[in-house]
Amino acid sequence: MKRWLRIQWDPIDEAALAHERTISRGIGAVIYFLGVVREREGEANISAIDYEAFEKMAARQFEKIFEAVERRWPIESVRVVHRIGCVHVNEPSLWIEVTAPHRGEAFAACQFIIDEMKKVVPIWKRPITETSSANLDRTARPGTNH
Amino acid sequence: MKRWLRIQWDPIDEAALAHERTISRGIGAVIYFLGVVREREGEANISAIDYEAFEKMAARQFEKIFEAVERRWPIESVRVVHRIGCVHVNEPSLWIEVTAPHRGEAFAACQFIIDEMKKVVPIWKRPITETSSANLDRTARPGTNH
Amino acid sequence: MKVLVTFHSYFRDLTGATQVLEDVPSGTTLGELVHSLQKRFPKLKSMERSTLMAVDVEYQTRDYQLHDGDEVSLFPPVQGG
Amino acid sequence: MKVLVTFHSYFRDLTGATQVLEDVPSGTTLGELVHSLQKRFPKLKSMERSTLMAVDVEYQTRDYQLHDGDEVSLFPPVQGG
């Protein structure tokens, strides 16, 4: 199974990711999942979410999830992008692609990846409201004027 | 719920479809499904599938599926493209997008649409093998040199 | 009354026809129409258990009462996707 | 032996620290280390039931025996997606 993970500060470029897809002649199903930041977080209206990752461990935990996927289903490839830093409402924070011979296993694997990620991958979020957004210094990308 | 259906001879333009997506600030999940023509159809290796639709009835049956989706889940929008005519191995014949506040309902609705489509939407396929591909006249697009 | 019957997919091959215009007595059911077509097109009879029936754009069962001008479609199991 | 402890997410706010370098006796368990940190950082104690523990890049339980040079991480429940 091909595996590909990126944890990145840059916006998720759906078009580029779709363009980079390669599938074998045995593939019948491709699923994309986009997790998008919603305006409503619990009781509050927010303007963004500031994501933080413990990257080295996140990569290892995703790898273990991918290993579990490979053991359970005949998946050809999994690609995952998780954005970190400040992600505004309506923007995707997560992009997952699964390709497989049949849709049943593709849907199952994609949902499994999301469910497991939410249990074990060390990524955290901090909601940004209008009033809190003045206080965003620490989310600045290292070495850039973010 | 926004609904959008296209049954078309032209190739499915994923990038354009993704670009045309609009979502409200309450959306947390976007799912795309691509159904791709596989090389293996039953026991035979094929080079393409020739899809035929009874278009007027297909549109009506999709509409009924969309109505059922709307009754069952809080989906914001559904877009479906089914290609007809000759679709080669590795090319998508089906593209579905579902947007919803949460991923659970988005996954459920997307799978429901595919399952129901396969039961009721009048579309048929004819596998094209290398030897049969000389005999493709009747799949020509009306009015074009396809 | 006149009823237009359209064959889809390989039902065209089985019957050698895309459409036939049928003249049936008032009160004829969809099942009776299909039965008479199966007599005329024996290969259609062999697909009896796999024949789907629609009038206009809706599926109908054998006991549907035909009306003048109805557009009937007969086709094998669908295979979208 | 020396153990480097990193706090993630709002555990940084609770402790006022990103990292602390701890000197612990040989044979100390992860649970004992966390207990001593909870004494020093009382707000961490309030999150006792929601504290996840890792050594290097793997989750570990309280009975994990620390080694010299271990990199320990403490953090609240994860929220990716």
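Our structure's up above, just so we're on the same page.
Below: a short report on this structure. (Residues numbered from 1 in each chain as written. Chains lettered and ligands numbered in written order. Predicted model: local features only at pLDDT ≥ 70, side-chain atom pairs only at ≥ 80, totals over all residues. Heavy atoms only, no water.)

## Comments concerning the packing of aromatic side chains
In the structure shown here, the tally under the stated rule is 18 aromatic pairs over all chains. Aromatic side chains W73(A) and F112(A) sit 5.4 Å apart centroid to centroid with 70° between the ring planes, which places their arrangement in the edge-to-face category. Of this pair, W73(A) sits in the loop between α2 (55-72) and β6 (77-83) while F112(A) sits in helix α3 (residues 103-120); the two residues are 39 residues apart in sequence, bridging distant segments of the chain. With a centroid separation of 5.8 Å and an interplanar angle of 80°, the aromatic rings of F7(D) and F41(D) are classed as edge-to-face. Within this pair, whereas F7(D) is found in strand β1 (residues 2-7), its partner F41(D) is found in the loop between α2 (30-40) and α3 (42-45), the two being separated by 34 residues in sequence. For F7(D), a relative accessible area of 1% puts it in the buried group. Clustering of aromatic rings is evident, with ring pairs tying together Y32(A), W95(A), Y32(B) and W95(B). One Lys or Arg, R79(A), reaches over the ring of W4(A) and ends 5.8 Å from the middle of that ring. (Phe/Tyr/Trp six-rings, centres within 6.5 Å; stacked < 30°, edge-to-face > 60°. Helix = DSSP H or I, 4+ residues; strand = E, 2+ residues; numbered from the N terminus. Buried < 20%, exposed > 50% of the residue type's maximum accessible area, 1.4 Å probe, protein only. Lys NZ or Arg CZ within 6 Å of the ring centre and 35° of its normal.)

## Notes on the interface of chain B and chain A
With 32 residues of chain B at the contact, the number on the chain A side is 32 residues. Of the roughly 2800 Å² buried between chain B and chain A on both sides combined, carbon and sulfur atoms contribute 51%. Three residues, R25(B), R103(B) and F107(B), lead the burial of chain B against chain A; their summed loss comes to 26% of the area buried on that side. Taken together, the links from chain B to chain A amount to six salt bridges. Taken together, chain B and chain A are joined by 16 residue pairs in polar contact (both at pLDDT 80 or more). (Contact = heavy atoms within 4.5 Å. Buried area = accessible area lost by both parts, 1.4 Å probe. Salt bridge = Lys/Arg side-chain N within 4 Å of Asp/Glu carboxyl O. Polar contact = N/O pair within 3.5 Å; in protein donor to acceptor, adjacent residues only side chain to side chain.)

## Comments concerning the relation of the copies chain B and chain A
For the match of chain B to chain A, the screw axis carries a shift of 0.0 Å, the RMSD comes to 0.0 Å, and the turn is 180°. Interpreted geometrically, this transformation is the action of a two-fold axis. Every residue of chain B has its C-alpha some distance from the rotation axis, and the shortest such distance is that of Y32(B), at 2.5 Å. Taken together, the interface assignments show that 100% of the residues at the interface of chain B recur at the interface of chain A, consistent with an identical surface on both copies. (Least-squares fit on C-alpha atoms with pLDDT ≥ 70 in both.)

## Some thoughts on the layout of surface pockets
Gaps between atoms show up when a probe of the same size as a water molecule is rolled over them. Size it by volume and the largest pocket reaches roughly 320 Å³. When residues of the lining of the largest pocket are traced back to their parent elements, those giving at least two are β2 (29-36), β5 (48-53), β8 (92-100) and α3 of chain A. Counting residues per element, the lining of the largest pocket draws most heavily on β2(A), which supplies three residues. Classifying every residue of the lining of the largest pocket by side-chain character gives nine nonpolar, five polar and five charged. Here the second largest pocket is characterised by a volume of approximately 270 Å³. Lining the second largest pocket are 20 residues, with G28(A), V36(B), R38(B), K118(B) and G81(C) sitting closest to its centre. Contributions of two or more residues to the lining of the second largest pocket are made by β2 (29-36), β3 (40-41), β5 (48-53), β8 (92-100) and α3 (103-120) of chain B. (1 Å grid on protein atoms, 1.4 Å probe; cavity = no way out; pocket = protein on both sides within 12 Å on 5 of 7 lines; lining within 4 Å. Points joined across faces, edges and corners; volume = space filled by probe spheres on them. Nonpolar A, V, L, I, M, F, W, Y, C, P; charged D, E, K, R; others polar.)

## Let's talk about the side chain of E22(D)
Structurally, E22(D) is set in strand β2 (residues 19-23). In this structure, E22(D) is in contact with M1(D), K2(D), V3(D), V5(D), L33(D), L37(D) and R40(D), ignoring residues within four places of it in sequence.

## A look at the interface of chain D and chain A
Taken together, the contacts link 18 residues of chain D with 22 residues of chain A. Contact between chain D and chain A buries roughly 1700 Å² in total, counting both sides, with carbon and sulfur atoms accounting for 49%. Broken down residue by residue, the surface that chain D buries against chain A is led by V57(D), Q79(D) and G81(D), which jointly contribute 34%. Counting the contacts that link chain D with chain A gives six salt bridges. Joining chain D to chain A, the criterion identifies 17 residue pairs in polar contact (both at pLDDT 80 or more). Elements supplying a minimum of two residues to the side of chain D that touches chain A: α1 (11-15), β4 (58-59) and β5 (71-75) of chain D. Classifying every residue of the side of chain D that touches chain A by side-chain character gives seven nonpolar, six polar and five charged.

## Comments concerning unusual backbone geometry
A positive phi angle, close to 85°, is found at N90(A), a residue other than glycine. Assignment of secondary structure puts N90(A) in the loop between β7 (85-88) and β8. Phi at S9(D) takes a positive value of approximately 55°, unusual for a residue other than glycine.

## Focus: the pairing of β2(A)
The buried fraction of β2(A) is high, at eight of eight residues. Side-chain alternation along β2(A) places A29(A), I31(A), F33(A) and G35(A) on one buried face and V30(A), Y32(A), L34(A) and V36(A) on a second face that is also buried. Taken together, the eight bridges between β2(A) and β8(A) define a ladder with antiparallel strand orientation. In the strand pairing of β8(A), V30(A) is matched with T99(A). Of the pairings in the sheet, the one linking β2(A) to β2(B) comprises seven bridges and is antiparallel in character. (Pairing = 2+ DSSP bridges.)

## Digging into the sheet that holds β5(D)
Residue and element names in this part refer to chain D. Here five strands make up an open sheet; going across it, the order is β2-β1-β5-β3-β4 and the pairing mixed. What marks the edges here is a single partner per strand, and that holds for β2 and β4. Where strand β3 (residues 52-55) lies against β4, two bridges are found, and the strand directions are antiparallel. Looking at the pairing, V55 lines up with E58 of β4.

## A closer look at the packing of α2(A) against α3(A)
All names here are of chain A. Across the interface, α2 lies against α3 with an axial gap of 10 Å and an inter-helix angle of 150°. α3 is crossed by α2, and the crossing has right-handed handedness. Contacts between α2 and α3 involve Q61, F62, I65, A68, V69 and R72 from the former and A109, F112, I113, E116, M117 and V120 from the latter. (Axes fitted to C-alpha atoms, helices over the stretch in contact; angles between N-to-C directions. Left-handed = near helix turned anticlockwise from the far one by under 90°.)

## Some thoughts on empty space enclosed by the protein
Scanning all chains against the criterion turns up one cavity of 30 Å³ or more. Approximately 110 Å³ is the volume attributed to the largest cavity. Lining the largest cavity, in full, are E14(A), A15(A), A18(A), Y32(A), W95(A), E14(B), A15(B), A18(B), Y32(B), L34(B) and W95(B). Sorting the residues of the lining of the largest cavity by element identifies α1 (14-19) of chain A together with α1 (14-19) and β2 of chain B as the ones contributing at least two each. In terms of residue class, the lining of the largest cavity is built from nine nonpolar, no polar and two charged.

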